[in-house]
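# Fold and contact review
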Amino acid sequence: MIPFLLGAGVGYVLGARAGRERYEQIARAYRQVADHPSVQGAAGVARAKAGEAVQTGVAMAREKVASSGPSGGGQPSAPGRAAANGNGR
């Protein structure tokens, strides 16, 4: 058991050193790509389209809620739950 733990500890230390260098390399590459003007432009377009999709979804949900009207005495019950029976339970 001790040789295994010793080997795991040595592997961890050596891997952590190599891992940090590799992490820095990946982070530099990411920053270069993320800072590129064409990537910035594409990200802006994607954000705009996502915002439009959210607004469309909100509008559709509002229409659906407005068209359903009040049902069953005012407040709808949660899905899968029985309506309150009037005695507080």
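Relevant structure appears above.
Before going into details, it helps to say that this report is about the structure given with it. All values derive from a computational prediction rather than experimental measurement.

This part takes up the overall build of the protein chain. Across its full length, the protein chain carries two helices and zero strands. Within the protein chain, the proportion of its 89 residues that are buried is 2%. About 8100 Å² of surface is accessible on the protein chain, with carbon and sulfur atoms providing 62% of the total.

Moving on, we get to a nonpolar patch on the surface. A cluster of nonpolar side chains, contributed by M1, F4 and L5, occupies part of the molecular surface with about 410 Å² of accessible area. Tracing the sequence through the fold places F4 in helix α1 (residues 2-34).

Moving on to the environment of A34. For A34, the location among the structural elements is in helix α1. In contact with A34, other than residues within four places in its own chain, are V39 and Q40.

Quick notes on the rules
Residues numbered from 1 in each chain as written. Predicted model: local features only at pLDDT ≥ 70, side-chain atom pairs only at ≥ 80, totals over all residues. Heavy atoms only, no water. Helix = DSSP H or I, 4+ residues; strand = E, 2+ residues; numbered from the N terminus. Buried < 20%, exposed > 50% of the residue type's maximum accessible area, 1.4 Å probe, protein only. Areas by Shrake-Rupley, 256 points an atom, 1.4 Å probe, with all protein chains shown as cover. Patch = residues over 30% accessible without salt bridge, like charges linked within 9 Å, V, L, I, M, F, W, Y side chains within 5 Å. Salt bridge = Lys/Arg side-chain N within 4 Å of Asp/Glu carboxyl O. Contact = heavy atoms within 4.5 Å.

Note that every value here comes from positions in space, so none of it alone points to a role or purpose.
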